[in-house]
Amino acid sequence: SPAGVGTGQVVAAMLPTEPPTVAALFGTWRAGAVYTPLNPRAADSELIDQLSTLRPVAVLTTRALAHRFRSFGLPVITGAAMQWSTSDGGQQPADPRHYDPDVALLQFTSGTTGAPKPVPLRHSTVLDLIDRLLSKLRGAPSAPDKPKRPPMPNLVPLSLSLWAGIYQVLFAFRAGSGVVLMDRFAPADFATLVRRHQLRSTVLPPAALTMVLHDETVTDLAPLKIVRSITAPLSPVQAGRFRDKFGVLVLNSYGQTELGGDVVGWSAADAREWGETKLGSVGRPLPGIDVTIADHEVFVRTPTTAARKIDPAFLDRLTEEGWFRTGDLGWFDEDGFLWLDGRVSDMINRGGLKVFPGTVEDVLVAAAGVREAAVVGIPDDRLGEVPWAFVVRLSDGVREDDLIAWCRERLTPYRVPVRVVFVDQLPRNEVGKVVKRELAALADA
């Protein structure tokens, strides 16, 4: 290793979504080190905070981005065309972070509910969850005499500076598939890649799926049959519209960075039997994964959480029995399918009555002329807080009074938003989740 990287030490990486980045990822692991992706779009102040937290022994980056790290005095390794060299001298920190050999990667949380924290993800945990998901997706093995189709490449519409993008690469390699990377997502490019690689299934975050749905230049996605929605919940209304326009079934899934990957999903058999009637559900727990609901919150127990092998920063979310508090609201239907209703921190207490934002958002999105909607609790002197709706509309003909009347016909009175505010777009973080605190600030303004 040109920077003298040792086992369990942290290597930070600010790299583009290109094949050499995958080589850098596996090269870091080959050296026994812990890979930590940094977002090239991060502000300098955020980068300073992250590096002071990580205390890496080296930084992997491009020559164009190397200048962002010169002030830190770290060894900077730059690369192009699969050739890497130490371009900037520097000293390793006196007290570098150190992890046990099973820790593969540190990923900062999205910061939707607080300051981002680095989450250690373990080789054993990630591989275990990927294998459980693959087992569920594949179902029963096919007959020996049935010809097997060659595996499709996995189209990754996410940055490799995000765990979700890296996870999709690992998922493909574990399944024996190739990978097609998208540096920047554009609906027309997505449709072209689906056609070029004859993809029958792929993954999309909800924000990207909505872009494809409303792009007038995209009229056909053949031979695509299934899209797995990842990184954030997708409204069943949007899933239905996507199916109606393209003939493509959209299946949600559920996982968290802190857990290492997906823990709830769909099998091929479930999709055939329930796909049309359970649109919007995230599926059923993967084999060997326990999921329960306590006071509306989703609790998950995996082999890792049961063994209490999680970072000490998250131990306050772990019960003595190994149940991990996800912070997500959800419920099971009578057939064992899990449905999500937003974050516990987003739940609105209107004068003692609980309003689940997801329920109201689904009603709003079903209204004609509505593209997207987010519901946020806003402080109220009399009731404590009340729901406000922030709506992206498809045409200026949609009015606030019309949407409030629409909600009154379909929701109990305390769930009806007291205000509807029209916005050009919803604020989202890098993985596509709506940042509701920014909407609350907009209401204050």
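Basis of the calculations
Residues numbered from 1 in each chain as written. Predicted model: local features only at pLDDT ≥ 70, side-chain atom pairs only at ≥ 80, totals over all residues. Heavy atoms only, no water. Helix = DSSP H or I, 4+ residues; strand = E, 2+ residues; numbered from the N terminus. Rg over C-alpha atoms; globule rule 2.2 N^0.38 Å. Buried < 20%, exposed > 50% of the residue type's maximum accessible area, 1.4 Å probe, protein only. Contact = heavy atoms within 4.5 Å. Salt bridge = Lys/Arg side-chain N within 4 Å of Asp/Glu carboxyl O. Pairing = 2+ DSSP bridges. Axes fitted to C-alpha atoms, helices over the stretch in contact; angles between N-to-C directions. Phe/Tyr/Trp six-rings, centres within 6.5 Å; stacked < 30°, edge-to-face > 60°. Lys NZ or Arg CZ within 6 Å of the ring centre and 35° of its normal. Polar contact = N/O pair within 3.5 Å; in protein donor to acceptor, adjacent residues only side chain to side chain. Parallel < 35°, antiparallel > 145°, perpendicular 65-115°, else oblique. Left-handed = near helix turned anticlockwise from the far one by under 90°. Nonpolar A, V, L, I, M, F, W, Y, C, P; charged D, E, K, R; others polar.

Turning next to the overall build of the protein. Counting its regular elements, the protein contains twelve helices and 24 strands. At 23 Å, the protein has a C-alpha radius of gyration in line with the 22 Å of a compact globule built from 445 residues. Its C-alpha atoms put the protein at 65 × 65 × 50 Å along the principal axes. Residues counted as buried form 51% of the 445 residues belonging to the protein.

Turning to its location among the elements, I348 is positioned in strand β20 (residues 348–350). Using a relative accessible area of 0% as the deciding quantity, one classes I348 as buried. Expressed as a C-alpha distance, the spacing of I348 and G384, which sit 36 residues apart in the sequence, is 9.2 Å. Those residues within four positions of I348 in sequence are excluded, and the remaining contacts are L353, K354, V355, P357, V375, V376, G377, E385, V386 and P387.

Moving on, we get to the pattern of salt bridges. All chains considered together, the criterion is met by 23 salt bridges. With its nearest N and O atoms 2.8 Å apart, the salt bridge here joins D44 to R68. Taken together, the residues span a long stretch of sequence, with D44 in helix α2 (residues 44–54) and R68 in the loop between β3 (58–61) and β4 (76–80) at a distance of 24 residues. Residue class for R68 comes out buried when judged on its relative accessible area of 15%. Put simply, D333 and K278 hold a salt bridge, and the shortest N to O gap is 2.9 Å. Of this pair, D333 sits in the loop between β18 (324–332) and β19 (338–343) while K278 sits in the loop between α8 (268–274) and β15 (284–285), and the two are 55 residues apart along the sequence. A relative accessible area of 6% means that K278 is categorised as buried. One connected set of salt bridges, linked through shared partners, spans D100, D102 and R122.

Bringing the sheet that holds strand β17 (residues 297–301) into the picture now. Taken in spatial order, the four strands make up an open sheet running β16-β17-β18-β19, and their pairing is antiparallel. Edge positions in the sheet fall to β16 (290–294) and β19, since each has one partner strand and no second. On average, each strand axis in the sheet is tilted by 50° relative to the strand beside it, whichever way the strands run. Note that β16 and β17 share five bridges and pair antiparallel.

So, about the environment of F324. For F324, the position within the fold is in strand β18. Sequence separation of F324 and T125 is 199 residues, and the distance between their C-alpha atoms is 15 Å.

Here the bond from A222 into P223 is cis, since omega is 5°, no more than 30 degrees from zero. Of note, the phi angle at Q198 is positive, near 50°, even though the residue is not glycine. Within the element layout of this structure, Q198 appears in the loop between α5 (187–196) and β10 (201–204). Despite not being glycine, R308 has its phi angle at roughly 60°, a positive value. Tracing the sequence through the fold places R308 in the loop between α9 (303–306) and β18.

Moving on, we get to the pairing of strand β22 (residues 370–380). As judged from the ten bridges shared by β22 and strand β23 (residues 384–393), these two strands associate in the antiparallel manner. Note that in β23 the partner of G377 across the bridge is P387. Turn length for the β22-β23 hairpin, with the two strands adjacent in sequence and antiparallel, is three residues.

Let us look at the sheet that holds β15. Spatially, three strands are ordered β13-β14-β15 in an open sheet, and the strand pairing comes out antiparallel. The sheet terminates laterally at β13 (254–256) and β15, the two strands that pair on one side only. Each of β14 (261–265) and β15 is contacted by helix α3 (residues 123–138), which is oriented at about 30° to β14, the strand it contacts most.

Looking now at the environment of V282. Residue placement: V282 occurs in the loop between α8 and β15. Sequence separation between V282 and Y254 is 28 residues; the distance between their C-alpha atoms is 5.8 Å. When residues no more than four places from it in sequence are discounted, the contact partners of V282 are N252, S253, Y254, V264, G265, W266, L338 and L340.

On to the packing of aromatic side chains, then. Enumeration over the complete set of coordinates arrives at ten aromatic pairs. Ring centres 5.4 Å apart and planes at 80° place the aromatic pair F26 and W29 in the edge-to-face group. One end of the pair, F26, and the other, W29, are both in helix α1 (residues 19–30), three residues apart, so they sit about a helical turn from each other. Relative accessible area serves as the criterion here: at 16%, W29 is assigned to the buried category. Here a set of aromatic residues connected by ring pairs shows up, and it is made of F26, W29 and F173. Its guanidinium or amino end placed over the ring of F422, R393 lies 3.9 Å from that ring's centre, counting from NZ or CZ.

We now examine helix α7 (residues 236–246). What α7 keeps buried is the set Q238, A239, G240, F242 and F246. Considering only its buried residues, α7 is in contact with α6 (206–213), β11 (226–229), β12 (249–252), α10 (357–365) and β22. Between the side-chain oxygen at the start of α7 and the backbone nitrogen of V237 there is a gap of 3.0 Å, and the oxygen is on S235. Just downstream of α7, G247 is the residue with a positive phi angle, here 70°.

Below, the discussion takes up the packing of α6 against α7. Between α6 and α7, the shortest axis-to-axis distance is 10 Å and the interhelical angle comes to 40°. It follows from the interaxial angle that α6 and α7 lie oblique. Once α6 is placed against α7, the crossing between them reads as left-handed. Contacts between α6 and α7 involve L209, T210, V212 and L213 from the first element and Q238, R241, F242, K245 and F246 from the second. Residue composition of the contact of α6 with α7, by class: five nonpolar, two polar and two charged.

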